[in-house]
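Structural characterization, general
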Amino acid sequence: MHERFSRVWICKGFGRATTGADPAELGRTVIAAYLAGRSTQGQAFRVVVRTDDGSQCVITPGQLAGPGWKAEPAICQALPAYLRNALA
């Protein structure tokens, strides 16, 4: 996918992870990490978490937790390094 404001191409999929975490919490963690330090003006983002049982959870920036929210360490370990580092 091409981000027109930053003029870079990004992967549409962040990959697969094995975790027992709540899908909604995993989605919030991924989108929070991806948006950390980025300008989102004029752009729409969403994270789709698909589980092994075929269900899915869609998270948008409007569903992020409040300012005191911290990502669970177990969920962070399931993220790619560049997303995990964005939350540090």
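Our structure's up above, just so we're on the same page.
Within each chain, residues carry numbers counting from 1 in the order of the written sequence. For this predicted model, a pLDDT threshold of at least 70 governs which residues receive local features, and a threshold of 80 or more governs which side-chain atom pairs are given and counted, while totals over whole chains, interfaces and linings are taken from all residues. The basis for the side-chain values is all heavy atoms of the structure; hydrogens and waters are excluded.

**Description of the pairing of strand β3 (residues 47–50)**
A regular strand carries its side chains on alternate faces of the sheet. Quick reminder of the rule: Buried means the residue's accessible area, taken with a 1.4 Å probe over protein chains only, is under 20% of the maximum for its type, while exposed means over 50%, and partly exposed covers the values in between. Put simply, DSSP H or I for four residues or longer makes a helix, DSSP E for two residues or longer makes a strand, and each gets a number counted from the N terminus. Only when DSSP finds a minimum of two bridges between them are two strands counted as paired.
Alternating positions in β3 separate cleanly, V47 and V49 being buried on one face and V48 and R50 remaining unburied on the opposite face. Pairing of β3 with strand β4 (residues 56–59), which is carried by 4 bridges, proceeds in the antiparallel orientation. Residue V48 lies in a different strand from β4, and its bridge partner there is V58. Between β3 and β4, which follow one another and run antiparallel, lie 5 residues, and G54 among them has a positive phi close to 95°.

**Overview of the nonpolar core**
Convention followed: Nine residue types can take part in a nonpolar core, namely buried Ala, Val, Leu, Ile, Met, Phe, Trp, Tyr and Cys, and a core is a set of them joined through side-chain atoms within 4.5 Å. Any pair of residues with heavy atoms lying within 4.5 Å of one another is described as a contacting pair.
Formed by 16 residues in total, the largest nonpolar core has its most connected members in L26, V30, I31 and L83. Mapped by element, the contributors of at least two residues to this core are α1 (23–35), β3 and β4. Per-element tally for this core: the top contributor is α1, with 7 residues. Non-local contacts of L26, meaning those with residues more than four positions away in its chain, are made with T19, V49, I75 and L79.

**Some points on the pattern of salt bridges**
Inclusion rule: Any carboxyl oxygen of Asp or Glu within 4 Å of a side-chain nitrogen of Lys or Arg constitutes a salt bridge here.
Enumeration according to the criterion identifies 1 salt bridge in this entry. A salt bridge links R28 to E25; the nearest nitrogen and oxygen atoms lie 3.0 Å apart. Taken as a pair, R28 and E25 lie in helix α1 at a separation of 3 residues, close to a single helical turn. Judged on exposure class, the residue R28 and its partner E25 are both buried.

**Let's talk about the packing of aromatic side chains**
Stated precisely, the cut-off is as follows: Aromatic rings from Phe, Tyr and Trp, taking only the six-membered ring of Trp, are treated as a pair when their centres fall within 6.5 Å; an angle between ring planes under 30 degrees marks them as stacked, one over 60 as edge-to-face, and anything in between as tilted.
On inspection of all chains with the given rule, the structure shows 1 aromatic pair. Measuring from ring centre to ring centre gives 5.6 Å for Y34 and F45, while their planes differ by 55°; the resulting arrangement is tilted. Highlighted residues: Y34 in helix α1 and F45 in the loop between α1 and β3, separated in sequence by 11 residues. Across the pair, F45 and Y34 agree in class, each one buried.

**Details of the side chain of E25**
A relative accessible area of 12% means that E25 is categorised as buried. Apart from the residues within four sequence positions on either side, E25 is in contact with W69, E72 and I75.

**Some remarks on α1**
The condition that has to hold: What a helix should span is 1.5 Å times the count of its residues minus one.
Between its terminal C-alpha atoms α1 stretches 18 Å, which fits the 18 Å expected from 13 residues at 1.5 Å a residue. Counting buried positions over the 13 residues of α1 gives 12, a clear majority of the element. Considered for burial, the residues of α1 that qualify are A24, E25, L26, G27, R28, T29, V30, I31, A32, A33, Y34 and L35. Looking one or two residues past α1, G37 carries a phi angle of roughly 75°, positive in sign.

By themselves, these figures tell us nothing about what the structure is for.
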